[in-house]
Amino acid sequence: MKKYPALLLLLCLMACEFGEKNRQVPVDSEPPALQGTFVEYEIRKIDEQSGPCSSDSTSTRCVDIDISYPTILKGASTPVLDSMNANIQKGILAYAFEGGVIPDFQSFIGEIKSEYKSLMKDFPEYNTGWQLEIKSDIIYQDSQYLSVASTIYTYTGGAHAN
């Protein structure tokens, strides 16, 4: 029984470190520089109407389309810029249109106008205008990531807009 306290004291002493304990870890005074460059972009706008639209908001048989989205101008090679711009449009359209893959905004607008004309032909008494509003912008960018946020509003009749 007397052996155990002596063994315990020996273990405690072996675990202790004697001498100077002032160890400092060097800290970089400046953060590392970012790799690569940031992109330059502009917001492009598409504002189109179809049907008998009036200049005020009383049109009942009009399709009103208002789209603004970022287009990257500089910051990468031309093939990379083209790919990024196409992916921005595809990403926005993936949320705005559930009917399949639409490659760009012009195709999307053509699809909406076609659907509305078909509806007007099949139901001439239908007196409700359609609205589509897409607002997108780049909300974050660094040397590796680009983040685009979009708000999408649609009204195609019914109880309330989306």
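Residues numbered from 1 in each chain as written. Predicted model: local features only at pLDDT ≥ 70, side-chain atom pairs only at ≥ 80, totals over all residues. Heavy atoms only, no water.

## Topic: the side chain of S50
Our working definition: Each helix is a run of DSSP H or I of at least 4 residues and each strand a run of E of at least 2, with the numbering of both proceeding from the N terminus. Only protein chains enter the area calculation, which uses a 1.4 Å probe; residues under 20% of their type maximum are buried, those over 50% are exposed, and those in between are partly exposed. Any pair of residues with heavy atoms lying within 4.5 Å of one another is described as a contacting pair.
Within the fold, S50 resides in strand β1 (residues 40-50). Residue S50 is classed as buried on the basis of its relative accessible area, which comes to 12%. When neighbours within four sequence positions are excluded, S50 is seen to be in contact with R61, C62, V63, K113 and K117.

## Quick notes on the environment of Y116
Position of Y116 among the secondary structure elements: in helix α3 (residues 105-122). A residue is classified by how much of its surface remains accessible, and Y116, at 3% relative accessible area, is buried. Sequence separation between Y116 and R61 is 55 residues, and the spatial gap between their C-alpha atoms is 9.1 Å. Not counting residues up to four positions away in its chain, the partners in contact with Y116 are T60, R61, C62, V63, Y126, T128, G129 and W130.

## What about the nonpolar core?
Using the following cut-off: Joining through side-chain atoms within 4.5 Å is the link that ties buried Ala, Val, Leu, Ile, Met, Phe, Trp, Tyr and Cys residues into a set, and such a set is a nonpolar core.
If you look at the biggest cluster of nonpolar residues, it comprises 22 residues, and the most contacted ones within it are I65, I67, F105, F108, I112, L132 and I134. Of all the secondary structure elements, the ones that give two or more residues to this core are β2 (63-74), α2 (78-96), α3 and β3 (130-141). With six residues, α3 is the largest single contributor of residues to this core. Setting aside anything within four residues of it in sequence, one finds I65 in contact with I46, D47, E48, I109, I112 and L132.

## What about a nonpolar patch on the surface?
Under the convention used in this document: Like charges are joined within 9 Å and nonpolar side chains (Val, Leu, Ile, Met, Phe, Trp, Tyr) within 5 Å, but only among residues with over 30% relative accessible area and no salt bridge; these make up the patches. Where accessible areas are quoted, they stem from the Shrake-Rupley method and a 1.4 Å probe; at the residue level, only the protein chains shown are allowed to cover. Each reported salt bridge corresponds to a side-chain nitrogen of Lys or Arg within 4 Å of a carboxyl oxygen of Asp or Glu.
Together, I139, Y140 and Y145 line one region of the surface with nonpolar side chains, adding up to about 380 Å² of accessible area. You can see I139 is positioned in strand β3. According to the relative accessible area criterion, I139 is exposed, its value standing at 59%.

## Some points on the packing of aromatic side chains
Condition: Side-chain rings of Phe, Tyr and Trp, where Trp is taken by its six-membered ring, are said to pair if the distance between their centres is within 6.5 Å; with planes under 30 degrees apart they count as stacked, over 60 as edge-to-face, and otherwise as tilted.
Summed over the entire model, instances satisfying the criterion amount to two aromatic pairs. Where Y69 meets F105, the ring centres are 4.6 Å apart and the plane angle is 45°; that geometry is what we call tilted. With Y69 in strand β2 and F105 in helix α3, the pair connects residues that are 36 residues apart, well separated along the chain. Overall, Y69 belongs to the buried group, its relative accessible area being 9%. Ring plane angle 65° and centroid distance 4.9 Å describe the contact between Y116 and W130, whose orientation is recorded as edge-to-face. With a gap of 14 residues between them, Y116 in helix α3 and W130 in strand β3 connect regions that are remote in the sequence. In this structure W130 comes out as buried when scored by relative accessible area, which is 13%.

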